[in-house]
Amino acid sequence: MPVFIYEKNRRTEIKNSVDVVIAGAGPAGIGAAVASARAGVKTLLVERLGFPGGMLTAGGVRNIRTFTDGNGQAVIRGIPYDFVEYLKKNQAARNCQEKDAFIQQNPELTRYYAQEFLLQAGVEVLFHALVVDVLRKGKKVCGVIIESKSGRQAILAKVLVDATGDGDVCRKAGVRMRKGPGLMPMTLTFVLENVTAWPDVRTEEIYQAFRKNLKYWPVLNHSLALFALPEEGCVYANVTRIFGDASKVEDLTRGEIEGRRQAMKALEFYRQYLPGFQKARLRSFGIEVGTRESYRLSGRYTLTGKDVLSGRDFPDNIARGSYGIDIHDSHGPGSIMIKLSPGSSYGIPYRCLLPERIENLLVAGRCLSASRQALGSCRVMAICMATGQAAGVAAALAIRKKVAPSSLKIKEIQDCLVSQGAVLWKNQLKNRGKE
């Protein structure tokens, strides 16, 4: 049984008062903050680290998936598209050679250009600040409590957006959440240098060598998941597999330790068994272990695997997705990957961003309301940015209309999203050329 102490009542300084506070500066938070600021309201983005990007930068996840539908049609545009085009313009990202697969980005450069993308939009940012509580009056939230080097402070806001990935703000507000059954494993990414295996003419040889020597493979993951980088001789690895609960500090700590150990053992395997890796060296680890799944909102609608696989649309679409259902085994080496057929995509309804009984709070990114199967699709970064844009637009409109986000007319949200370049409907795809 846990043992508790009781703290004294505190007097907390009000640091700031804004229209919208967005917690978490990962892909969803970037989308939400820029959308809100572009819609003309005072927007503050609060981030626990010293830079934006989340899994893009701290997690070192190089591949941003997926903007197109397998036939070259862009199903995600708007702010996510603007962001990757900005990265590409500044040599921080490139199109992958594999058709319609992903955009590959450079985390070091993205730290800088994500920061500039936010500031150019008029977003106010606060780094090194952790949201530790929520100010709530009845069914309304009216701000957050943060902890930082400056101590404990309050930030008042008319609307909050939870883009923490783990639903931290929702949980502190008493919102009903779900978790499991089972949780996808965490991964610590890493980059190797001094590899001579690429260009692609040797890719099949590498995978044959991996399959032949799988019994010596030290990681409980049957996928090799190596990707060539534009830097000569460099390869990105997304292969480590750490089982546990990313919402628990003990599991995160173990994940960091175990992830680095797995990476070093994997490097030994590469050197011994893979052609072109004999002199490979570790170049860098991800700054922190990456998370695929933890808490999810129990919202006003729960997106299902059937919705994803059937390409379902909803009257309150606020984003589209085209990535297949990708679920990593909670306890073993396998994965489930159900790809959508070329040309297929599905809608994500606004209700997935809305808690059931709390006003003035929206959710964006992988902690939205989705079944575990649907999460296997909508957790990826391009879709997180798209749902972030929708949450930011809704937050701004709620401020301007002086109503709760749940009271907005869906057409107003959709019209604003379309004006920002978002794709919501299949008929929009027919009217666009291929990318």
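Notes on the structure follow. (Residues numbered from 1 in each chain as written. Predicted model: local features only at pLDDT ≥ 70, side-chain atom pairs only at ≥ 80, totals over all residues. Heavy atoms only, no water.)

### Things to note about the sheet that holds strand β4 (residues 93-95)
The following threshold applies: Note on pairing: two strands pair once DSSP finds at least 2 bridges between them. Secondary structure follows DSSP: runs of H or I at least 4 residues long count as helices, runs of E at least 2 residues long count as strands, and numbering of each begins at the N terminus. Contact criterion: two residues are considered in contact whenever any of their non-hydrogen atoms come within 4.5 Å of each other. Note on method: axes are straight lines fitted to C-alpha atoms, helices fitted across the in-contact stretch only, with angles between N-to-C directions ranging 0 to 180 degrees.
Spatial ordering of the open sheet is given by β3-β5-β4, a layout of 3 strands whose pairing is antiparallel. With one partner strand each, in any of the chains shown, β3 (63-64) and β4 form the two edges of the open sheet. By the bridge criterion, 3 bridges tie β4 to strand β5 (residues 103-105) in an arrangement that is antiparallel. Each bridged residue has a counterpart across the sheet, and for Ala 93 the counterpart in β5 is Gln 105. Its contacts with the sheet put helix α2 (residues 78-89) on β3, β4 and β5, and the angle it makes with β4 is roughly 105°.

### Focus: the pattern of salt bridges
As a reminder, the rule being used: For this analysis, a salt bridge means a side-chain nitrogen from Lys or Arg found within 4 Å of a carboxyl oxygen belonging to Asp or Glu. Throughout this description, buried means an accessible area under 20% of the type-specific maximum (1.4 Å probe, protein chains only), exposed means over 50%, and partly exposed covers the range between.
Taken as a whole and assessed by the stated rule, the structure comprises 29 salt bridges. Of the charged contacts, one joins Asp 168 and Arg 171 as a salt bridge, the two residues approaching to 2.6 Å between their closest N and O atoms. On the criterion of helical spacing, the pair formed by Asp 168 and Arg 171 is a turn pair, its members being 3 residues apart in helix α4 (residues 168-172). Residue classification places Arg 171 among the partly exposed residues on the basis of a relative accessible area of 31%. Across the pair Asp 313 and Arg 320 runs a salt bridge whose closest N-O atoms are separated by 2.6 Å. On the accessibility criterion, Arg 320 (0% relative accessible area) is buried.

### Focus on the sheet that holds strand β12 (residues 226-228)
In spatial order, the strands read β12-β13-β11-β14; together these 4 strands make up an open sheet with antiparallel pairing. Bordering the open sheet on either side are β12 and β14 (281-285), each of which pairs with just one other strand. Each neighbouring strand pair of the sheet contributes to a mean axis angle of 30°, computed without reference to strand direction. Bridge count for strand β11 (residues 190-193) against strand β13 (residues 235-237) is 3 bridges, and the pairing is antiparallel.

### Here we look at the packing of helix α1 (residues 27-38) against helix α3 (residues 107-120)
Helix-helix packing: each pair is described by the crossing angle between the helix axes and the interaxial distance. Selection rule: We call two directions roughly parallel when the angle between them is under 35 degrees, roughly antiparallel when it is over 145, roughly perpendicular when it lies between 65 and 115, and oblique otherwise. Throughout, the ten residues Ala, Val, Leu, Ile, Met, Phe, Trp, Tyr, Cys and Pro are labelled nonpolar, Asp, Glu, Lys and Arg are labelled charged, and all others, Gly among them, are labelled polar.
Where α1 contacts α3, the axes come no closer than 9 Å and their chain directions differ by 25°. When the axis of α1 is compared with that of α3, the two are roughly parallel. Contact residues: α1 offers Ile 30, Ala 33, Val 34 and Arg 38, while α3 offers Ala 114, Phe 117 and Leu 118. Residues that form the contact of α1 with α3 fall into these classes: 6 nonpolar, no polar and 1 charged.

### A closer look at the side chain of Ser 345
Heads up, the rule is: In the analysis that follows, any N or O atom pair within 3.5 Å is treated as a polar contact, provided that within protein one partner can donate a hydrogen and the other can accept it, and provided that, for residues neighboring in sequence, both atoms belong to side chains.
Within the secondary structure, Ser 345 is located in the loop between β18 (335-338) and β19 (346-349). What makes Ser 345 buried here is its relative accessible area of 2%. A polar atom in the side chain of Ser 345 sits 3.1 Å from the side chain of Arg 320. Setting aside residues no more than four positions away along its own chain, Ser 345 makes contact with Val 75, Gly 311, Arg 320, Gly 321, Ser 322, Lys 426 and Leu 429.

### So, the packing of aromatic side chains
Filter applied, for reference: Put simply, two rings from Phe, Tyr or Trp (the six-membered ring, in Trp's case) pair if the centres are within 6.5 Å, and we call them stacked under 30 degrees between planes, edge-to-face over 60, tilted for the rest. Only lysine NZ and arginine CZ atoms are considered, and such an atom sits over a ring when it is within 6 Å of the ring centre and within 35 degrees of the ring normal.
Considering all chains together, one arrives at 14 aromatic pairs under this definition. Look at Trp 217 and Tyr 270: their rings are 5.8 Å apart centre to centre, the planes differ by 35°, and that puts the pair in the tilted class. Note that Trp 217 is positioned in the loop between α5 (203-212) and β12 and Tyr 270 in helix α6 (residues 249-273), a separation of 53 residues in sequence. Under the relative-accessibility criterion, Tyr 270 is labelled buried at 0%. One cation-aromatic arrangement involves Arg 77 over Tyr 81; the distance from NZ or CZ to the ring centre is 4.1 Å. One Lys or Arg, Arg 111, reaches over the ring of Phe 51 and ends 4.7 Å from the middle of that ring.

### Digging into helix α9 (residues 381-401)
The line we're drawing: By this rule the span expected of a helix is its residue count minus one, scaled by 1.5 Å.
The end-to-end C-alpha distance of α9 is 30 Å, a good match for the 30 Å that 21 residues give at a rise of 1.5 Å each. In terms of residue burial, α9 counts as a mostly covered element, since 19 of its 21 residues are buried.

### Regarding the nonpolar core
To keep things clear, this is the line we draw: Definition of nonpolar core: a set of buried residues of the types Ala, Val, Leu, Ile, Met, Phe, Trp, Tyr and Cys, connected through side-chain atoms within 4.5 Å.
Counting 139 residues, the largest nonpolar core has Tyr 270, Leu 274, Phe 277, Leu 303, Ile 348 and Leu 362 as the members making the most contacts within it. Looking at this core, the element that brings in the most residues is α9, giving 15 residues. Apart from the residues lying within four places of it in its own chain, the contact partners of Leu 274 are Ile 206, Ala 209, Phe 210, Leu 224, Leu 226 and Phe 269. Of all hydrophobic cores here, the second largest spans 5 residues; its members include Met 186, Ile 242, Ala 246 and Val 289.

### Some points on the environment of Val 61
Note on placement: Val 61 falls in the loop between β2 (43-46) and β3. When the C-alpha atoms of Val 61 and Val 195 are compared, they prove to be 19 Å apart, with 134 residues separating the residues in sequence. Setting aside anything within four residues of it in sequence, one finds Val 61 in contact with Met 55, Leu 56, Gln 105, Thr 189, Tyr 236 and Met 381.

### Considerations on the side chain of Asp 307
Secondary-structure assignment places Asp 307 in helix α7 (residues 305-309). Separated by 2.7 Å, the side chains of Asp 307 and Tyr 301 make a polar contact. Residues contacting Asp 307, with those up to four places away along its chain left out, are Tyr 301, Thr 302, Arg 312, Phe 314 and Tyr 346.

### Focus on the pairing of strand β8 (residues 140-148)
Pairing of strand β7 (residues 130-137) with β8, which is carried by 7 bridges, proceeds in the antiparallel orientation. Residue Lys 137 lies in a different strand from β8, and its bridge partner there is Lys 140. Counted between consecutive antiparallel strands, the loop separating β7 from β8 contains 2 residues, among which Gly 138 sits at a positive phi close to 65°. Strand direction decides the pairing type here: β8 and strand β9 (residues 151-162), joined by 6 bridges, are antiparallel. Bridging from a neighbouring strand, Gly 143 pairs with Leu 156 of β9.

### A word on a nonpolar patch on the surface
Selection rule: Residues enter patches when they are more than 30% accessible in relative terms and free of salt bridges; like-charged ones are connected within 9 Å and nonpolar ones (Val, Leu, Ile, Met, Phe, Trp, Tyr) within 5 Å. Using a 1.4 Å probe, accessible areas were evaluated by the Shrake-Rupley method; residue-level cover was limited to the displayed protein chains.
The grouping of Leu 309, Ile 336 and Ile 338 at the surface amounts to a nonpolar patch, some 230 Å² of accessible area in total. Tracing the sequence through the fold places Ile 336 in strand β18. Judged by relative accessible area, Ile 336 falls into the partly exposed class, the value being 47%.

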